[in-house]
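So you can see what is in the structure, the chains are spelled out below.
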Amino acid sequence: MKTPRPRARGETQAALLTQIQVAIAGGNPRDIEKILDPLHPGEIASLLAAFPIPQREIVWRAMPRKHIGATLHKTTEAIRTKLLADTSPGILHEAMDELDVDDIADLIPGLPEELAEEFLSESDPAVLARLQADPDTAARLMHTDTLTVRPDASIADIARRLQRRPQLPPCTDQIFVTDPDNNLTGSLPIAALLRAATSQPQLLAAQVMDPAPLTFNAGASKEDIVTAFRQREPLSAAVIDDTGKLVGRITVYNVIHTIEHDADHALMAHAGLDEDEDIFAPPLQTFQNRALWLGVNLATAILASWVIGLFEETIQKLVALAVLMPIIASMGGNTGTQTMTVTVRGLGTGSVNRHNALRLLRKELAVGGFNSLLWAVTAACTALVWYGDLTLGLIMAAAMCINMISSAVAGVLIPLLFDRIGVDPALASGVALTTVTDVVGFFAVLGFAAMLI
């Protein structure tokens with residue numbers, strides 16, 4: 001295989017983008033191919049995402065064949081779908097041959113129907129079972145490139161076997177020890193193997209192995225996997241089926257990818273967007289993706305406005321209310337957002353569950369109460385200094401307390417409710433919380449004003 005040319009430290013993505021744009025302007029695909037050839041597929045995927053669609057198509061047509069499969073796997077779903085449609089079945093078939101089952105599983109939904117059916121028909125039952133597994137479990141996250149030895153293999157023999165291999169699978173820090181039926185009995189850390197190979201090569205794997213390595217069942221959730229990797233900091237871990245047989249391994253790469261995906265999802269979901277959205281997608285497509293979310297926000301805004309309309313006469317009596325109402329809504333919104341963020345993160349990491357949810361609610365209620373007292377006094381003094389009206393100050397203080405406390409409660413209960421009914425809390429909680437804070441805040445201010453003014 002051709003050795004990639006070393007890249008200078010300053011050759012950043014921006015510099016590569018500039019080089020490719022110059023090559024595009026020159027109209028020579030071969031120049032583009034030369035730039036892409038030494039790059040890693042992950043780097044190429046990032047470059048593709050940075051190009052508008054017309055230029056992206058030019059770059060894709062100049063893609064070195066050896067990078068097509070891995071680059072497709074690295075791109076986001078939105079970009080991948082378009083690239084798959086623009087690639088001939090013959091090239092796709094060739095690219096699929098270069099990928100393992102784990103990577104192909106991500107590509108199948110976007111493949112031409114005939115090619116997808118061909119691959120599935122040629123797959124053995126074990127592969128099909130993995131492809132049909134829940135994508136958020138170890139069965140789909142794992143790799144099958146495991147290294148195994150028998151318990152009675154000598155350290156010297158294992159070392160010789162490794163020396164004959166051209167390379168080890170990525171993130172290999174241990175060799176799994178299995179019996180003749182492929183049941184996992186332990187793992188042999190590479191560090192322990194090296195120490196034994198230089199001092200006691202006659203020892204057997206069973207004498208050197210760790211008999212209780214970090215292991216996941218194939219049905220383990222990604223949340224449990226991420227938590228275990230964060231706590232124990234391994235490079236890899238074994239995956240077994242319900243009978244104890246070794247079926248694969250989870251690597252730190254899988255975990256990093258999962259964390260990155262979930263972080264992107266949480267960030268985009270907060271605005272009602274898909275983490276795989278193509279920033280250079282056609283305007284009509286982007287409009288369709290965002291219109292529904294904006295419609296939901298409009299509905300909640302109309303609800304808040306309706307509450308204000310109920311107290312139209314009260315507002316006419318004291319215009320200062322219209323000036324001060326956004327303060328109450330804003331403070332409640334910030335209180336709720338802080339609590340909601342903690343709760344959603346806790347649900348994602350597994351640290352918040354039905355056993356401790358009530359304790360979290362009591363804690364956030366207390367924090368909301370303390371904050372509401374502090375900022376209620378501040379808001380009352382502001383209104384008093386601003387307008388010289390003690391009654392208006394009392395209204396602000398009472399409304400601030402009610403809205404901040406209710407926002408703290410809503411920030412816990414709304415994500416818990418969505419999680420309970422199977423709706424993504426990161427996606428749906430923000431709009432619901434905004435509705436609560438606006439409606440409660442405006443109703444509290446205007447309700448007290450109607451009674452006291």
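The next point concerns the side chain of threonine 71. Within the secondary structure, threonine 71 is located in helix α5 (residues 65–74). For threonine 71, a relative accessible area of 0% translates into the label buried. Non-local contacts of threonine 71, meaning those with residues more than four positions away in its chain, are made with Pro41, Ile44, Ala45, Leu48, Trp60 and Met63.

To continue, consider the sheet that holds strand β2 (residues 174–178). A sheet is described by the order of its strands in space; here three strands give the open sequence β1-β2-β3, paired in mixed fashion. The outermost strands of the open sheet, each flanked by one partner alone, are β1 (148–149) and β3 (184–189). When β2 meets β3, the two strands line up antiparallel, connected through five bridges. In the sheet register, phenylalanine 176 faces β3, and the bridge partner there is serine 187. Packed onto the sheet, helix α13 (residues 190–199) meets β2 and β3 and runs at close to 70° relative to β3.

The next point concerns the environment of leucine 188. Within the fold, leucine 188 resides in strand β3. In this structure, the C-alpha to C-alpha distance between leucine 188 and proline 211, residues 23 residues apart in sequence, is 8.8 Å. Sequence-distant contacts of leucine 188, that is, excluding residues within four places in its chain, are made with Ile155, Ile158, Gln174, Ile175, Val177, Leu193, Val208 and Met209.

Moving on, we come to the packing of aromatic side chains. The full count for this structure, using the stated rule, is two aromatic pairs. Between tryptophan 386 and tyrosine 387 the ring centres are 5.4 Å apart and the planes differ by 20°, which places this aromatic pair in the stacked class. For tyrosine 387, a relative accessible area of 34% corresponds to the partly exposed category.

Calculation rules
Each residue is numbered by its place in its chain's sequence as written, counting from 1. With pLDDT at 70 or above as the cut-off, local features in this predicted model cover only qualifying residues; side-chain atom pairs require 80 or more to be listed or tallied, and sums for whole chains, interfaces and linings still use all residues. Water and hydrogen atoms were dropped before computing side-chain values, which therefore reflect all heavy atoms in the structure. Strands here are runs of E lasting at least two residues and helices are runs of H or I lasting at least four, both read from the DSSP assignment and numbered beginning at the N terminus. Exposure classes here rest on a 1.4 Å probe applied to the protein chains alone. A residue is buried below 20% of its type maximum, exposed above 50%, and partly exposed in between. Residues count as neighbours in contact if any of their non-hydrogen atoms are within 4.5 Å of one another. Pairing between strands is defined by DSSP: at least two bridges between the two strands are required. For helices, the axis comes from a line fit to the C-alpha atoms of the stretch in contact; other axes are also lines fit to C-alpha atoms, and the angle between any two N-to-C directions lies between 0 and 180 degrees. For Phe, Tyr and Trp, rings pair up if their centres lie within 6.5 Å, where Trp contributes its six-membered ring, and each pair is then called stacked (planes under 30 degrees apart), edge-to-face (over 60) or tilted (otherwise).

Shape descriptors only; they carry no functional weight alone.
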